[in-house]
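Listed here are the chains, written in short residue letters.
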Amino acid sequence: MTVGEFRLQRQKNGRGYFGHVKVRVTPAATSSVTWAIPDGDPASLQTRADAEFVEAALAGVRDGLDLVRELGTTVDGHAVEVVQALAYLTDLDESAVHAAGVLAVAEAFDAQDRLTLTFDDGWHVTPLGRS
């Protein structure tokens, strides 16, 4: 089992952006991405009340797996669970949550140093050398 975590908390053009995702990766017979945060966890995003941010986190994790695979890392045969996604509603931003999901996966697969985080009308993660 490995864990990856990323928190994006930045100011850009006078606006705050926040996203935080923590994932747990375990070998599995079938690859999957799941939300493993219990309903009612007061610190984390909730599937009903924060649906758009939950989907942003899950999409970020899926996109992170695709990027890490593109970099040559074997990601098939792993179950990835989102075990924490902090709620900080003042500056919470879908692009920041998505980017945090991507970079949490990258950390879990030890590929974070091959990706770059940029801002262009939202946060984006791309492989180094590609814009």
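Structure first, text after, so check above.
Nothing here was measured: the structure is a model prediction, and the numbers come from that model.

Quick look at the pattern of salt bridges
Working step 1: Enumeration according to the criterion identifies six salt bridges in this entry.
Working step 2: Of the charged contacts, one joins R48 and D39 as a salt bridge, the two residues approaching to 4.0 Å between their closest N and O atoms.
Working step 3: For D76, the salt bridge goes to R69, with nearest N and O atoms at 3.0 Å.
Working step 4: Classification of D76 by relative accessible area gives partly exposed; the value is 47%.
Working step 5: Residue R69 is classed as partly exposed on the basis of its relative accessible area, which comes to 36%.
Working step 6: Connected through shared salt-bridge partners, D66, R69 and D76 make up one network.

Some remarks on the packing of helix α1 (residues 51-70) against helix α2 (residues 94-108)
Working step 1: For the pair α1 and α2, the least separation of the axes is 7 Å and the interaxial angle reads 40°. Between α1 and α2, the crossing angle belongs to the class labelled oblique. Like other packed secondary-structure pairs, α1 and α2 cross with a definite hand, here right-handed. The segment α1 lies against α2, with E52, F53, A56, A57, A59, G60, V61, D63, G64, L65, L67 and V68 engaging E94, V97, H98, G101, V102, V105 and A106.

Here we look at α2
Working step 1: An ideal rise of 1.5 Å per residue puts 21 Å on 15 residues; α2 measures up with 21 Å between its terminal C-alpha atoms.
Working step 2: Most of α2 sits out of view: twelve of its 15 residues are buried.
Working step 3: Looking at α2, one finds that the buried residues are S95, A96, V97, A99, A100, G101, V102, L103, A104, V105, A106 and A108.
Working step 4: Elements in contact with the buried residues of α2: β1 (2-12), β2 (15-27), α1, β5 (115-119) and β6 (123-127).
Working step 5: Backbone geometry just downstream of α2 places D110 in the positive-phi region, at approximately 55°.

Looking at the sheet that holds strand β4 (residues 78-84)
Working step 1: Strands sit in the order β1-β2-β4-β3 across an open sheet of four strands; the sheet is mixed. Sheet topology places β1 and β3 (32-35) at the edges, where each strand pairs with a single neighbour. Neighbour to neighbour, the strand axes of the sheet diverge by 20° on average, direction disregarded.
Working step 2: Pairing analysis gives four bridges linking β3 to β4, with the strands arranged parallel. Its bridge partner lying in β4, T34 is registered against E81.
Working step 3: Across the sheet, α2 is in contact with β1 and β2; its angle to β2 comes to roughly 35°.

Points about the packing of aromatic side chains
Working step 1: Under the criterion given, the structure shown has four aromatic pairs.
Working step 2: Taken together, a centroid distance of 4.9 Å and an interplanar angle of 65° make the contact between F119 and W123 edge-to-face.
Working step 3: Ring pairs connect the aromatic residues Y17, F119 and W123, which therefore count as one cluster.

Definitions and limits used
Residues numbered from 1 in each chain as written. Predicted model: local features only at pLDDT ≥ 70, side-chain atom pairs only at ≥ 80, totals over all residues. Heavy atoms only, no water. Salt bridge = Lys/Arg side-chain N within 4 Å of Asp/Glu carboxyl O. Buried < 20%, exposed > 50% of the residue type's maximum accessible area, 1.4 Å probe, protein only. Axes fitted to C-alpha atoms, helices over the stretch in contact; angles between N-to-C directions. Helix = DSSP H or I, 4+ residues; strand = E, 2+ residues; numbered from the N terminus. Parallel < 35°, antiparallel > 145°, perpendicular 65-115°, else oblique. Left-handed = near helix turned anticlockwise from the far one by under 90°. Contact = heavy atoms within 4.5 Å. Expected span 1.5 Å × (residues − 1). Pairing = 2+ DSSP bridges. Phe/Tyr/Trp six-rings, centres within 6.5 Å; stacked < 30°, edge-to-face > 60°.

Keep in mind these numbers describe shape, not what the thing actually does.
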